[in-house]
Amino acid sequence: MVPFPPQAKVNNIVIPEGEVHLRYATTFELPFAWTGAVLHLEGVDHTAEVRVNGVLLARHVGAWDPCSVFVPRSVLRQGLLDDTTMLHKLEVDVTDSSRSRAILSGKQEREPREGAIFYGNMSGLWKSAWIEHAGDVRLGDIRLTARASGDLSADVEIAGAAAGHSVILRLWHEDGGGLLLRAPVEDGRVTLAGRVEDVRPWSPACPNLYFGTLTLLDARGRKVDEIETYAGFRDFVMQDGYYRLNGEPFFLQGLLNQAIYPDTLYTPTDKHTLTDYEHTLDQGFNGERRHQTTPRHRDLWLADKMGYWLSIELPSGRNLMDAEDRASALDQWRRIVSAYAWNHPSVFFLVAGNEDWGLLEHKHHEVDATHEDRETFQYELGELTESIAPPGMPYAANDGWRCVTTRRNGQIQNRLDPNRLMFNIHEYADNARVKSLYGRIPQWPEPGVWGKNPRHVFHPNGYSYDGRTPFVLSEVGGRALLNRPSKGVFAYGRIHRDPETWAEELSELIRIMGAMPVLRGGYVLTQTRDAGNDPEDETSMGEINGVLDGHGLLKYAGDLVREANRAARASWAEGL
């Protein structure tokens, strides 16, 4: 079940601004024989209390990570018996505030019509909700690492396991090959390790997946719990000045995806996601930076299956000066990474911070933070990310500008891992200016040497470029096309009315990306869809710089963008 936010167009429920209290209540039937269940609420904004049959089972804070609640036999037995089933009551009480600047709100506006890049508020249940059978003894969280070499390790939490329990992992590929691993449960955990010979690695070109099962057995070998699972064997690392996928240099050619839809607000459906992936792959892009929101598990499954890379990002707050608010944000980031960064070969990197949001002196933030405050927060985000992310996964401590780097005051400093800390910059200048700013920088600059705008790029407390970290323009372009009546829309530059001239300007920018020697990492164009703009509403505001319109329709059906991406990739490859 996907309820969507009440404020979404498909629901059309008016929620008052400010602090609100929502109550969800429903009944559901389960077989009488069930000895327990796990209730999953993949997204609830913002604070939720969950009751089943009147019993308070969980309290969850944070909109962007899943809430999973175990419902024990004692609570299920309080349902109403009807023949072979029992009727249960679920209640979810939610508190949210559309004005709080200290919670992680992402792109939700904090005051009415706040600005062109902030959009409507959501509250309550906004992602999928489902329930599954599970007993007191059951499989818990899984962290699986599958390498391009065929090496695999899996760390599995077990709830309530007694002596003698064990776990079996079976994986196989449809074309043959796989593995069978078994290990005992010790102190509520089990670690399995093995190797697939002649492994078929995962990549966007060949998204090979190995499917299988994870089974929990008791001391007598009887099945206690079992789930279906899968793995994609791949490496994505920062090495020798490039990003490398399975050992080969890889060029990121992505789109910024804010995942905001005219009908369902912040909740994508499978149709939305498939439309985004299929159209943008066809246009020559190979992935997306999911921006200021978190994906559904379904979005990641589809990306794994289709060969489409994603990033996972921490949605920002506006004012995180208070230490308790920052601690809450860090705790939510820990849970987001645990939920979405592991077990998916499509997740290439993480974005822990965006443009200093939370400690930014911009009019939409108005935070009295110092450079030292922002520097400290980048380190807090970076150190936490390195401790919780999959091994070797790259990340941006602050995606955008004023970046902390591994070079400070002329010296290399290793407080953050130089093989993981990304160098991602945002640039919305016109094509000629982009070329002027970055096109003259050599492929391998001398450490400490940069182009015309170092104050925009580096944190002012002595940071500079190390000459090796792959450079990514992780927000660039924003080229706008509006081919229908509308008022109050937002663009970073000229608003085109003709799809052909728009495609020409966008394609020129893409070709510039491939021709700039220093841009060894890649680019992320703004953006996948028009964000916050409803094509059916002439008064709708929002951004109109998508490759697709708000409904997912291609704005330009020709070959210019596709050919530009191909040409950019070829130009980049010539420099290898």
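Look a little higher up for the structure.
Residues numbered from 1 in each chain as written. Predicted model: local features only at pLDDT ≥ 70, side-chain atom pairs only at ≥ 80, totals over all residues. Heavy atoms only, no water.

Chemist: What exactly am I supposed to notice about the environment of Gly62 here?
Modeler: Considering the arrangement of structural elements, one finds Gly62 in the loop between β5 (55-61) and β6 (67-72). By relative accessible area, which is 0% here, Gly62 ends up buried. Each C-alpha atom of the pair Gly62 and His133 lies 25 Å from the other, and the pair is 71 residues apart in sequence. (Helix = DSSP H or I, 4+ residues; strand = E, 2+ residues; numbered from the N terminus. Buried < 20%, exposed > 50% of the residue type's maximum accessible area, 1.4 Å probe, protein only.)

Chemist: Where do I start with the sheet that holds strand β28 (residues 423-427) in this structure?
Modeler: Either a parallel or an antiparallel arrangement is found when strands of a sheet pair, and the pairing is made through backbone hydrogen bonds. The strand order across the open sheet built from eight strands is β25-β24-β23-β22-β21-β33-β30-β28, with neighbouring strands paired in parallel fashion. What marks the edges here is a single partner per strand, and that holds for β25 (395-396) and β28. Relative to strand β23 (residues 309-313), strand β22 (residues 287-290) is paired through three bridges, and the arrangement is parallel. Directly across from Gly287, in β23, lies its bridge partner Trp309. Where helix α6 (residues 431-438) meets the sheet, its contacts fall on β28 and β30 (471-477), and the angle it forms with β28 comes to roughly 145°. (Pairing = 2+ DSSP bridges. Contact = heavy atoms within 4.5 Å. Axes fitted to C-alpha atoms, helices over the stretch in contact; angles between N-to-C directions.)

Chemist: I'm lost on the nonpolar core in this one. Help?
Modeler: A general feature of soluble globular proteins is that nonpolar side chains tend to end up buried together. Trp333, Leu350, Tyr438, Trp450 and Met513 are the most contacted members of the largest nonpolar core, which has 88 residues in total. Apart from residues lying up to four places away in sequence, Trp333 is in contact with Ile312, Glu313, Leu314, Leu350, Val351, Ala352, Leu384, Thr385 and Ile388. (Core = buried A, V, L, I, M, F, W, Y, C linked by side-chain atoms within 4.5 Å.)

Chemist: Quick question: what am I supposed to make of empty space enclosed by the protein here?
Modeler: Vacant regions in the atomic arrangement are exposed by a probe of water-molecule size rolled over the atoms. By the definition in use, this model includes five cavities of 30 Å³ or more. The volume enclosed by the largest cavity comes to roughly 130 Å³. Lining the largest cavity are 18 residues, with Gly353, Asn354, Trp357, Phe377 and Leu381 sitting closest to its centre. Its residues placed into classes, the lining of the largest cavity shows ten nonpolar, six polar and two charged. Approximately 60 Å³ is the volume found for the second largest cavity. Around the second largest cavity sit Val404, Thr405, Thr406, Leu421, Met422, Phe423, Phe458, Tyr465, Asp466 and Thr469, which together line it. Its residues assigned to classes, the lining of the second largest cavity shows six nonpolar, three polar and one charged. (1 Å grid on protein atoms, 1.4 Å probe; cavity = no way out; pocket = protein on both sides within 12 Å on 5 of 7 lines; lining within 4 Å. Points joined across faces, edges and corners; volume = space filled by probe spheres on them. Nonpolar A, V, L, I, M, F, W, Y, C, P; charged D, E, K, R; others polar.)

Chemist: Just checking my understanding: could you explain the side chain of Asp530 for this structure?
Modeler: Along the chain, the position of Asp530 falls in the loop between β33 (522-526) and α9 (560-574). Judged by relative accessible area, Asp530 falls into the buried class, the value being 2%. Polar side-chain contacts of Asp530 include one of 3.4 Å to the backbone nitrogen of Asn545. Within polar-contact distance, the side chain of Asp530 engages the backbone nitrogen of Gly546 at 2.9 Å. (Polar contact = N/O pair within 3.5 Å; in protein donor to acceptor, adjacent residues only side chain to side chain.)

Chemist: I tried to follow helix α2 (residues 270-282) on my own but got confused; where do I start?
Modeler: Helical geometry note: an α-helix holds 3.6 residues per turn, so side chains three or four residues apart project in the same direction. If you check α2, its first and last C-alpha atoms are 18 Å apart, about what 13 residues at 1.5 Å a residue would give, namely 18 Å. Within the sequence span of α2, burial applies to His272, Thr273, Thr275, Asp276, Tyr277 and Thr280. In this structure, the buried residues of α2 make contact with β21 (252-257), β22, α3 (297-306) and β23. The first or second residue beyond α2 is Gly284, which carries a positive phi of 95°. (Expected span 1.5 Å × (residues − 1).)

Chemist: Just to check I follow, could you spell out the side chain of Glu475 for this structure?
Modeler: Its location among the elements puts Glu475 in strand β30. Among the polar contacts made by the side chain of Glu475, one reaches the side chain of Tyr428 at a distance of 2.5 Å. Once residues lying within four places of it in the same chain are set aside, the contact partners of Glu475 are Leu256, Arg289, His291, Asn354, Glu355, Ile425, His426, Glu427, Tyr428, Val524 and Thr526.

Chemist: What should I look at first to understand the packing of α2 against α3 in this one?
Modeler: Packed helix pairs are specified by the crossing angle of their axes together with the interaxial distance, meaning the distance between the axes. It is at 10 Å that the axes of α2 and α3 come closest, and there the two elements cross at 30°. Both α2 and α3 take part in a crossing whose hand is right-handed. Contact with α2, carried on its side by Asp270, Thr273, Leu274, Tyr277, Glu278 and Leu281, involves Arg298, Asp299, Leu302, Ala303 and Met306 of α3 and no other residues of that element. Here the residues of the contact of α2 with α3 are counted per class, giving six nonpolar, one polar and four charged. (Left-handed = near helix turned anticlockwise from the far one by under 90°.)

Chemist: Would you mind showing me how to read the sheet that holds strand β12 (residues 151-159) here?
Modeler: Across the sheet, three strands lie side by side as β11-β12-β15; this open sheet has antiparallel pairing. Of all the strands in the sheet, the pair left with one neighbour each is β11 (138-146) and β15 (189-195). With direction set aside, neighbouring strand axes in the sheet form an average angle of 15°. Two elements, β12 and β15, share seven bridges in a ladder whose sense is antiparallel. Considered in β15, the bridge of Leu152 is made with Gly194.

Chemist: What am I meant to see in the layout of surface pockets here?
Modeler: Approximately 1,700 Å³ is the volume found for the largest pocket. Lining the largest pocket are 46 residues, with His40, Trp130, Glu132, Asp141 and His297 sitting closest to its centre. Per element, the largest residue contribution to the lining of the largest pocket is seven residues, and it comes from β11. Tallied by class, residues from the lining of the largest pocket come to 23 nonpolar, twelve polar and eleven charged. Within this model, the second largest pocket holds a volume of roughly 900 Å³. If you go around the second largest pocket, you meet 34 residues; those closest to its centre are Tyr119, Gly120, Leu265, Gly532 and Ser540. When the residues that make up the lining of the second largest pocket are grouped by side-chain class, the tally is 14 nonpolar, 13 polar and seven charged.

Chemist: Explain the packing of aromatic side chains to me, please; I cannot follow it from the model alone.
Modeler: One pair of aromatic rings is described through two measures. These are the centre distance and the angle between the planes. Under the defined criterion, the tally for this structure stands at 28 aromatic pairs. Taking the centre distance of 6.2 Å and the plane angle of 10° together, the rings of Trp309 and Phe348 count as stacked. Placement of the pair is Trp309 in strand β23 and Phe348 in strand β24 (residues 347-351), with a sequence separation of 39 residues. Assessed through its relative accessible area of 0%, Trp309 is described here as buried. The class for Phe348 is buried, based on a relative accessible area of 0%. Each ring, one from Phe490 and one from Tyr492, has its centre 4.8 Å from the other, and the planes form 80°; the classification is edge-to-face. Its relative accessible area of 31% is what places Tyr492 among the partly exposed residues. Connected via pairs of aromatic rings, a cluster forms that spans Trp202, Phe236, Tyr243, Phe250, Trp309, Phe348 and Phe349. One Lys or Arg, Arg318, reaches over the ring of Phe118 and ends 3.8 Å from the middle of that ring. (Phe/Tyr/Trp six-rings, centres within 6.5 Å; stacked < 30°, edge-to-face > 60°. Lys NZ or Arg CZ within 6 Å of the ring centre and 35° of its normal.)

Keep in mind these values describe shape, not function.
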